[in-house]
Amino acid sequence: MGRAAFLAQQQRFDVVVIGAGATGCAVARDAALRGLSVLLLDRDDIAAGTSSGSSRMIHGGLRYLMRGQLGLVRECLNERAILCRIAPHLVRRAPFVIALSRPAWREKWPVRFGLALARWLSAGAEAPATVIGHDALAQLLPAVASERLFGGLQFEDCVTRDGRLCLEVALGARDAGATVATYVEALGIELHDGRAVGIRVRDCLDGDEAMIACRVVVQTLGPWTGSLDIGGEGNAPRVAPARGTHLAVPAFVPADTVLAALHPVDGRYVWAVGMDRYTWLGTTDESQPDDPDRCRPSDKEIAYLLTWLANYTHAPMDRVFLARAALRPLVHGAGRSRDFRCGFSDAGVLVVAGGKITTARAMAEEAVDRIVASPALDGVTARPCSTASVALPGAPPVPMDEWVARHRQVPLPAELQHHLLFRYGRKAPEIFARIAEDARLGAPLHPERPEVLAEIDHAVEHEWARTLSDIMWRRTELAFTADNGLAAVPLVVARMGRLLGWTPLEAQRQRLRYEAEIDAAVSPLGHRVPVTPAPVPVAL
């Protein structure tokens, strides 16, 4: 029996959520924690779209302050505090530096005022910003072209691994009782007397189709909002997607450190976020009027970011790893605001649009409040929202410093320990145990990355990894290397093929799909990197 048919044979779900990005995962977790029966599905992987292409900051929103959006800033600050509490292994406080170039030194006072206002909105929870001079800036960020800078303003905000955070929220939904089905596409809404009573789905892996009954359908499709007939617009919001492009470049900002500086052309801030062994640079802001599936970085956007890079760093231009574009699902008619809206269609489909990864939990709370109050759930008992207090599955039972200290005696290299503890948190000992049982699973997947073979097993068995792309882009960061992880592909394909029973033809198809994705991310940069395949162990 196929997955679609199996799902169709389950009891009628209270809620079916279409779209497993940040918002959809948060809605599914909230509804499941309230005791509702929930199905979360997506035609692709968890966070395969916008939610793994963000700027990777969980921040208070300095630019929103400059626009006078005080309510949004207050909400961001509150949600950031919640995420630090329920996911301390994935959302961490980090030094942020706003660089001040000599022509733009007057920016110091407006920015300091904005940061002081943020501190007031957080009821004093924010530490005050400090002014750092040229020498201190050069010491903190030695790879930055500090000779062109006057100094900077340093404050604290938060960074995250966006795709990983969404995955943990989905895992939290599953732990609360939700059913999660990736690579299952919603083909349409099933109506009875003009009201939504289910959805027609197709399993993207085997082509099986079925109808799944439910009380409420929730659409959280982000920039794809409007691609599915919802039975009359009603009060459902529409979106006007805006494209943002990022570049992955060799590390010039230390890990978990963020640099922002004005672009020399238009005066917009560009952010450089230090990741593990690379820097994530962006973003741009362009309208995307056509098909979201055709979202690609433009030559103009790439040139824009390279101009910033040349102005503020000495990073070589021929070493850009990749360019990636993603779409912000801005609410139609709201300008560039990151506010969100939710409303029911004429057929009773709840559409949630707008927002950002920082506020996804709050969006979900409002959406599920509306679901619980809808006539479709008459007679169904739901508990109050608890998502602000229930930790995500990987959150350790003690503070992160203590959690790290408890595992210092694990016989693994310190860098690998740190990587696993801050990626998997409470689940890291499961990876340690796999390696202790079979030392071959501690083999690195790529010379430029800390990920090891045991992580593939864990991702396939516990985290819905079904394709090579799932592993390369979202369960690991192998794609964000000089060769885009292509040297690791033979090893990853061999391991996944064994775990998932791939035929040689399927293994080849997986390789070709990933290579096409990399070509789309690299070809706009005008270069490709030669590949030296990693040796594949005889026994995997």
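Residues numbered from 1 in each chain as written. Predicted model: local features only at pLDDT ≥ 70, side-chain atom pairs only at ≥ 80, totals over all residues. Heavy atoms only, no water.

S.K.: What should I look at first to understand the pattern of salt bridges in this one?
M.R.: Side chains that differ in charge, positive against negative, can pair when their charged atoms come close. If you walk through the whole model with that rule in mind, you get 36 salt bridges. Note that E477 and R423 form a salt bridge whose closest N and O atoms lie 3.3 Å from each other. Here E477, found in the loop between helix 14 (468-475) and helix 15 (489-500), pairs with R423, found in helix 11 (residues 414-424); they are 54 residues apart in sequence, far enough to count as distant. Overall, R423 belongs to the buried group, its relative accessible area being 6%. Salt-bridge contacts for E451 lead to R449; the nearest nitrogen and oxygen are separated by 3.0 Å. (Salt bridge = Lys/Arg side-chain N within 4 Å of Asp/Glu carboxyl O. Helix = DSSP H or I, 4+ residues; strand = E, 2+ residues; numbered from the N terminus. Buried < 20%, exposed > 50% of the residue type's maximum accessible area, 1.4 Å probe, protein only.)

S.K.: Which parts of the structure should I look at to understand the nonpolar core?
M.R.: General note: in soluble globular proteins, nonpolar side chains tend to be found buried as a group. In this structure, V492 and Y514 are the most contacted members of the largest nonpolar core, which totals 63 residues. Y514 has contacts with L468, S469, M472, W473, A479, N484, L486 and V489, leaving out every residue within four places of it along the chain. Counting residues in hydrophobic clusters, the runner-up holds 49 residues, among them C25, C158, C166 and A170. (Core = buried A, V, L, I, M, F, W, Y, C linked by side-chain atoms within 4.5 Å. Contact = heavy atoms within 4.5 Å.)

S.K.: Would you explain the environment of G244 in this entry?
M.R.: Note on placement: G244 falls in strand 11 (residues 242-250). Taking the relative accessible area as the measure of exposure, G244 reaches 4% and is therefore buried. Spatially, the C-alpha atoms of G244 and T50 are 9.5 Å apart, while their sequence positions differ by 194 residues.

S.K.: Honestly, helix 16 (residues 504-522) in this entry has me stumped. Any pointers?
M.R.: Counting along an α-helix, one turn takes 3.6 residues, and residues three or four places apart therefore face a common direction. When the terminal C-alpha atoms of helix 16 are compared, their 27 Å separation across 19 residues agrees well with the 27 Å that a helix rising 1.5 Å per residue should span. Among the residues making up helix 16, those that are buried are A507, Q510, Y514, I518, A521 and V522. The buried side chains of helix 16 occupy one side of the element, clustering within an arc of 100° when seen end-on. In the core, the buried residues of helix 16 are packed alongside strand 16 (322-328), helix 14 and helix 15. (Expected span 1.5 Å × (residues − 1). Arc of directions from axis to C-beta.)

S.K.: Help me understand the environment of R509 in this model?
M.R.: Structurally, R509 can be placed in helix 16. Its relative accessible area of 43% is what places R509 among the partly exposed residues. Residues R509 and L468, 41 residues apart in the sequence, show an inter-C-alpha distance of 9.7 Å. Here E506 takes part through its side chain, which lies 2.9 Å from a polar atom of the side chain of R509. (Polar contact = N/O pair within 3.5 Å; in protein donor to acceptor, adjacent residues only side chain to side chain.)

S.K.: Any chance you could explain the confidence of the model for the protein here in plain terms?
M.R.: Low pLDDT means the predicted coordinates in that region are not meant to be read closely. Taken as a whole, the protein shows an average pLDDT of 89; of its residues, 88% reach a score of 70 or greater. In the model, residues 120-124 has pLDDT below 50 throughout and makes eight contacts with residues more than four positions away in sequence or in other chains. This stretch, residues 528-540, has a pLDDT under 50; its non-local contacts, to residues over four places away or in other chains, come to 23 contacts. (pLDDT = per-residue confidence, 0-100.)

S.K.: What is the right way to read the pairing of strand 11 from this model?
M.R.: Along a regular strand, successive side chains alternate from one face of the sheet to the other. Extensive coverage of strand 11 is indicated by the burial of nine of its nine residues. The pairing of strand 11 with strand 15 (residues 286-287) spans two bridges and is classified as antiparallel. Directly across from A242, in strand 15, lies its bridge partner S287. Direction of pairing for strand 11 relative to strand 16: antiparallel, over a ladder of seven bridges. Looking at strand 16, one finds that G244 is bridged to A326. Pairing of strand 11 with strand 14 (residues 278-282) involves five bridges; the strand directions are antiparallel. By the bridge assignment, L247 is partnered in strand 14 with L281. (Pairing = 2+ DSSP bridges.)

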